[in-house]
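Spelled out from the first residue to the last, the chains are:
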Amino acid sequence: MAADWLGSLVSINCGPTLGVYQGEVSSVDQSSQTISLKQPFHNGVKCPVPEVTFSAIDIKELKILDIRHSNSKTCSSAAPKVGSAPVAIPKGDPRSVEKLNSPQHCSKSYGERHLEVPGQPKGFRRRHNSWSSSSRGINQVTPKKNGVKNGQMKHRDDECFGDGLDEELDTDFDFEGNLALFDKAAVFSEIDTSERRNGARSRGTPQEQAPSRYRHDENILEAKPVVYRQITVPQPGAKEYCTDSGLVVPSISYDLHKRLLSAAERYGLSLERRLEMTGVCASQMALTLLGGPNRFTPKNLHQRPTVALLCGPHVQGAQGISCGRHLSNHEVEVILFLPNFVKMLDAVTNEVTLFTKTGGKQVSNIKDLPDTPVDLIINCLDCHENTFLMDQPWYRAAADWANLNRAPVLSLDPPVSGQSQAVEAKWSLSLCLPLPLAEGAGRVYLCDIGIPRQVFQEVGIKYHSPFGCKFVIPLHSP
């Protein structure tokens, strides 16, 4: 029966020494245990000889690549051509080639016959042909799928993949029918009943639950309602402000402002301590306006900012000098303008003495101020009580210089709105509680100078700190 395998394409593995041969079976000699291949390929390269003969002793593994002939017309339907489906014959004794000489009965399909080859595992799966298209025989042609009918293709699929499949998998799962069996309202009602019985809070149905969205800094636990008016004054001023968090900060009159500072001074918050606190807060705000950490780095020492400080001979001027001292300590080039007076307040004199130790520049003539624009102007010319200073020549000259310099102006502790301001500010910094400022004050900021809460209560102010974690906060007009 060796003639049944003639014309089939096989792959013969002769081990690492001889290599792998592929070709068409031209003869099978059962007596001498040899098999011959014509038009052979050795390791993917066409051999120079037309035919090669192998002994069963040299064959390590034999794979059937394609069957060209069958046993009879009856077997032709059960063993169709199979492309790209090598069947491995395991290594055994020299009689392994005899298995080719006795094909199995035609009643079994081609796939079943190869599954019963001795030595093959039960779950054996056919692999794709590793033989490249360039090494195929001349007469081999790839079959076209277009010419195969649906019935034949289904028959071949059943032969290859039909074993062990459960026919019940073809039935689709009835999602709608099973979903209708679930009574959602009854389940939630049962949950609510059990939670009420156990004293737990009811969840409610999904329709009753309102979706809640919280910020990253918002507490999800229920809390008391927020009271935004936490500061009340006996005589509300003309204006009210609000913080970034919505807290209402009312303005106070200058008389109440003086009473508050006097009460704080009686309890130990002296003028010197108040000047120091005001200077620190004002300098911190000025450093932020000058660029903050982006400006003050070791690599920018050659670009030191310049600040012009315009001060008068009063407490507001002393606050500005204190601010200039802290700025000069932070590598800011400060130019202090202070007019010459025969006698000035002790607080002003002390602050000037400390400022001169920082290396800052002090001038008393407007002509000594820079002609080019500076980075920032801090205005401390105005006084709450001595309004006659606005008529002095040095005051008008300093105000004219500030308006012509085109630099942004920070006004420190500006007067109330009843007094006219000769210098229009971009920012204004008030102390403890704001005064009703004029429109030319710009954006209003508030600084904490350390007055205790009970001192506020002594002058009739119900006070709760609006500063939070900061000492300087912005205020907004409602």
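We now turn to the structure provided with this report. What you see is a predicted model; the values in this text were computed from it and never measured. (Residues numbered from 1 in each chain as written. Predicted model: local features only at pLDDT ≥ 70, side-chain atom pairs only at ≥ 80, totals over all residues. Heavy atoms only, no water.)

## A look at the pairing of strand E15 (residues 427-431)
Within a regular strand, side chains alternate between the sheet's two faces. E15 sits mainly inside the fold: five of its five residues count as buried. Pairing of strand E14 (residues 409-412) with E15, which is carried by three bridges, proceeds in the parallel orientation. For Leu412, the partnering residue across the bridge sits in E15 and is Leu429. By the bridge criterion, five bridges tie E15 to strand E16 (residues 443-447) in an arrangement that is parallel. Bridge assignment links Leu431 to a residue of E16, and that residue is Cys447. (Buried < 20%, exposed > 50% of the residue type's maximum accessible area, 1.4 Å probe, protein only. Helix = DSSP H or I, 4+ residues; strand = E, 2+ residues; numbered from the N terminus. Pairing = 2+ DSSP bridges.)

## So, the pattern of salt bridges
All told, the structure shown has seven salt bridges when counted by the stated rule. Glu351 is the partner of Arg325 in a salt bridge, and the nearest nitrogen-oxygen pair spans 3.5 Å. You can see Arg325 sitting in helix H10 (residues 315-329) and its partner Glu351 sitting in helix H11 (residues 346-356), a full 26 residues away along the chain. Assigned by exposure class, Arg325 and Glu351 land together as buried. Each of Glu276, Arg325 and Glu351 takes part in a single network of salt bridges with overlapping partners. (Salt bridge = Lys/Arg side-chain N within 4 Å of Asp/Glu carboxyl O.)

## Concerning a nonpolar patch on the surface
A surface patch of nonpolar side chains, about 290 Å² in accessible area, is lined by Leu179, Phe182 and Val187. Take Phe182: it is sitting in the loop between helix H6 (175-180) and helix H7 (184-198). You can call Phe182 partly exposed: its relative accessible area is 45%. (Patch = residues over 30% accessible without salt bridge, like charges linked within 9 Å, V, L, I, M, F, W, Y side chains within 5 Å. Areas by Shrake-Rupley, 256 points an atom, 1.4 Å probe, with all protein chains shown as cover.)

## Re the packing of H10 against H11
The axes of two packed helices give the description: the angle between them and the distance between them. One way to put it is that H10 packs onto H11 with a least axis distance of 9 Å and a crossing angle of 15°. Taken together, the axes of H10 and H11 are roughly parallel relative to one another. Our pair here, H10 against H11, has a crossing hand that is left-handed. Taking contact as the criterion, the partners of Ala318, Ile321, Ser322, Gly324 and Arg325 in H10 are, on H11, Ala347, Val348, Glu351, Val352, Leu354 and Phe355. Here the contact of H10 with H11 is built from residues that sort into seven nonpolar, two polar and two charged. (Axes fitted to C-alpha atoms, helices over the stretch in contact; angles between N-to-C directions. Parallel < 35°, antiparallel > 145°, perpendicular 65-115°, else oblique. Left-handed = near helix turned anticlockwise from the far one by under 90°. Contact = heavy atoms within 4.5 Å. Nonpolar A, V, L, I, M, F, W, Y, C, P; charged D, E, K, R; others polar.)

## What to know about the sheet that holds E14
If you trace the eight strands from one edge of the open sheet to the other, you get E12-E11-E10-E13-E14-E15-E16-E17, paired in mixed fashion. Each end of this open sheet is capped by a strand with a single partner; those strands are strand E12 (361-363) and strand E17 (472-475). On average, each strand axis in the sheet is inclined to that of its neighbour by 25°, with strand direction left out of account. When strand E13 (residues 376-380) meets E14, the two strands line up parallel, connected through three bridges. Directly across from Asn379, in E14, lies its bridge partner Ser411.

Honestly, that's just the spatial picture; any functional story needs more than this.
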